[in-house]
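Residue-level structural notes
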Amino acid sequence: MTTPTDRIAAAFDRVADSGRAAALIPYIAAGDPSPDATVPLMHALAKAGADIIELGVPFSDPMADGPVIQRAAERAIAQGVGLRRVLELVAQFRRDDDTTPVVLMGYANPIERMGQQAFAQAAQAAGVDGVLVVDYPPEEVDDFARQLGDRGIAPIFLLAPTSTDARIQAVGKVARGYVYYVSLKGVTGSATLNADDVAARVALIRRHVHIPVGVGFGIRDAASAQRIARSADAVVIGSKLIETLEQAVAAAPAGKQTEAAVAAASLWLGGIRQALDEVKRDSAPA
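Residues numbered from 1 in each chain as written. Predicted model: local features only at pLDDT ≥ 70, side-chain atom pairs only at ≥ 80, totals over all residues. Heavy atoms only, no water.

Examining the overall build of the chain
Condition: We count a stretch as a helix when DSSP gives it H or I for four or more residues in a row; a strand needs E for two or more, and each element gets its number in order from the N terminus. The reference for a compact globule is 2.2 Å times residues^0.38; the radius of gyration itself is calculated from the C-alpha atoms. Accessibility here uses a 1.4 Å probe with only protein chains present; expressed as a share of the type maximum, an area under 20% marks a residue as buried, one over 50% as exposed, and anything in between as partly exposed. Residue contacts are defined here by distance: any two heavy atoms, one from each residue, within 4.5 Å place the two residues in contact. The Shrake-Rupley method, run with a 1.4 Å probe, gives the accessible areas here. Residue values count only the displayed protein chains as cover. Positive residues here are Lys and Arg, negative ones are Asp and Glu, while His and the chain termini are left out of the count. We put the charge of a Lys on NZ, of an Arg on CZ, of an Asp on CG and of a Glu on CD.
For the chain, the helix and strand inventory stands at 12 helices and 9 strands. Computed over C-alpha atoms, the radius of gyration of the chain comes to 17 Å, within 12% of the 19 Å expected from 2.2 N^0.38 for 286 residues, which places it in the range of a compact globule. Considering the chain as a whole, with its 286 residues, one finds that 56% of them fall into the buried category. Sequence separation of 24 or more characterises 74% of the internal contacts of the chain that already satisfy a separation of 6 or more. Accessible surface, the chain: about 11,800 Å² in total, of which carbon and sulfur atoms supply 50%. Taking the average location of the 28 positive side-chain charges in the chain and that of its 33 negative ones, the two points are 2 Å from each other.

Quick look at the confidence of the model for the chain
Here is the rule we go by: Summary of the metric used: pLDDT quantifies the predictor's per-residue confidence within the range 0 to 100.
Here the chain averages 92 in pLDDT, while 93% of its residues score no lower than 70. Low pLDDT, under 50, characterises residues 186-190; the predicted model gives this stretch 17 contacts beyond four residues in sequence or across chains.

A closer look at unusual backbone geometry
Here aspartate 32 and proline 33 are connected by a cis peptide whose omega angle stands at 5°. Relative to the helices and strands, proline 33 resides in the loop between β1 (23-29) and α2 (35-48). Unlike most non-glycine residues, phenylalanine 217 shows phi in positive territory, near 80°. Following the sequence through the fold, phenylalanine 217 ends up in the loop between β8 (213-216) and α10 (222-229). The exposure class of phenylalanine 217 is buried, given its relative accessible area of 8%.

A word on the packing of aromatic side chains
Heads up, the rule is: Ring geometry is summarised as follows: Phe, Tyr and Trp rings, the Trp one being its six-membered ring, pair when their centres sit within 6.5 Å, and such pairs are stacked at plane angles under 30 degrees, edge-to-face over 60 and tilted between the two.
If you walk through the whole model with that rule in mind, you get 5 aromatic pairs. These aromatic residues form a ring-pair network of at least three members: Phe119, Tyr136 and Phe144.

What to know about the sheet that holds strand β7 (residues 179-182)
Our working rule: Paired strands, in this sense, are two strands between which DSSP finds at least two bridges.
Here we have 9 strands laid out as an open sheet, ordered β5-β4-β3-β2-β1-β9-β8-β7-β6, and parallel in their pairing. Each end of this open sheet is capped by a strand with a single partner; those strands are β5 (154-156) and β6 (158-159). Where β1 meets strand β2 (residues 53-56), 3 bridges bridge the pair, whose relative direction is parallel. The residue of β2 that forms the bridge with tyrosine 27 is glutamate 54.

Topic: the pairing of β2
For the record, the criterion: Every crossover in which the path from the first strand over the helix to the second runs clockwise, viewed with the strands pointing away from the viewer, is termed right-handed.
Of the two faces of β2, the one holding Ile53 and Leu55 and the one holding Glu54 and Gly56 are both buried throughout. Each parallel crossover has a hand, and the one from β1 via α2 to β2 is right-handed. Note that β2 and strand β3 (residues 102-106) share 4 bridges and pair parallel. If you follow leucine 55 over to β3, its bridge partner there is leucine 104.

With respect to α10
When we look at burial in α10, the residues that qualify are Ser224, Ala225, Gln226, Ile228 and Ala229. Contact partners of the buried residues in α10: α9 (195-205), β8, β9 (234-237) and α12 (257-277).

Side note on the nonpolar core
Note the following rule: The set of buried Ala, Val, Leu, Ile, Met, Phe, Trp, Tyr and Cys residues whose side-chain atoms join them within 4.5 Å is what this entry labels a nonpolar core.
Of all hydrophobic cores here, the largest spans 74 residues; its most connected members are Leu55, Leu87, Leu104, Phe119, Val128, Val131 and Phe144. Every residue in contact with leucine 87, bar those within four places of it in the chain, is listed here: Leu104, Met114, Phe119, Ala122, Ala123, Ala126 and Val128. Among the nonpolar cores identified, the runner-up in size contains 27 residues, and Val68, Ile69, Leu132 and Tyr180 belong to it.

What to know about the packing of helix α3 (residues 67-78) against helix α11 (residues 239-251)
Where we set the bar: A fitted line through C-alpha atoms represents every axis, and for helices the fit uses only the stretch in contact; the resulting angles, taken between N-to-C directions, go from 0 to 180 degrees. We call two directions roughly parallel when the angle between them is under 35 degrees, roughly antiparallel when it is over 145, roughly perpendicular when it lies between 65 and 115, and oblique otherwise. By convention the crossing between two helices is left-handed if the near helix lies anticlockwise of the far one by an angle smaller than a right angle, and right-handed if it lies clockwise.
The interhelical angle for the contact between α3 and α11, taken along N-to-C directions, is 55°, at an axis separation of 9 Å. Judged by the inter-axis angle, α3 sits oblique to α11. Between α3 and α11 lies a crossing whose hand is left-handed. Facing α3, whose interface residues are Val68, Ile69, Arg71, Ala72 and Arg75, α11 presents Ser239, Ile242, Glu243 and Glu246.

Looking at the packing of α2 against α12
Helix-helix packing is described using two parameters, namely the angle between the two axes and the distance between the axes. Note the cut-off: Residue polarity is assigned by list, with Asp, Glu, Lys and Arg as charged and Ala, Val, Leu, Ile, Met, Phe, Trp, Tyr, Cys and Pro as nonpolar; anything else, Gly included, falls into the polar class.
α12 packs onto α2 with a crossing angle of 25° between their chain directions and a minimal axis gap of 9 Å. The angle between the axes of α2 and α12 places the two elements in the roughly parallel class. Taken as a pair, α2 and α12 cross one another with a handedness that is right-handed. Residues Ala37, Pro40, Leu41, Ala44, Leu45 and Ala48 of α2 touch α12, and the partners they reach there are Thr258, Ala261, Val262, Ala265, Ser266, Leu269, Gly270 and Arg273. Here the residues of the contact of α2 with α12 are counted per class, giving 10 nonpolar, 3 polar and 1 charged.

What follows is the structure in structure tokens.
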């Protein structure tokens, strides 16, 4: 069976071999619009061109997330989805897909309640490839990062426009898989994105971080995805995808919400992937 670390590395290798400039990493919240819809959505995203899937772990106080992702978390929590259910969904996805990497993105509290070691063991058993904990600072999680790494799971960290050289260096020492650069100050779903600023910051990050750099926040359409792909190794996109799912579910007749969500996600993400396919590696800075 493919190990988690292998899956992330292989995903970026496939992107490079294809000549594409950047991987596509969509984000959805586990359990939204329903627990039964999550695995079909994951398969649909993979089929539509996702290179890696970020799966949000619902949490009641998501401080880094804007209103769109907060609503998704609230809907999932209302349906009883917590960390253990998320791991069950990953395991279910793995039964039919042993190729697409899955990265859990969430907050420290649910992991602390389960226990770091128990979580690492359960994540490995489920087939998780990477873990991004928003409120675990890199300087304070050596033991947790080691527990993940010993099980082939990549500890992934956020960097921000305000990150100092010291913070970037600290992340560079412990991060595996890829790092996630938050392109804007503020919360997810913010709308103002300056591609030139992002390119400059990504270049700075690469001085200290020698794994792929993904960029997220503020990427809402094909044009903004293409602009970011010219400097980043991956484009991470979440809030607009969740908005698309919300609209599809709201318009769907009773009993057809999952089918509507899957169709909308496939169509929308397929358009983003087609746009990214047009940005070739030789047009992006080294």
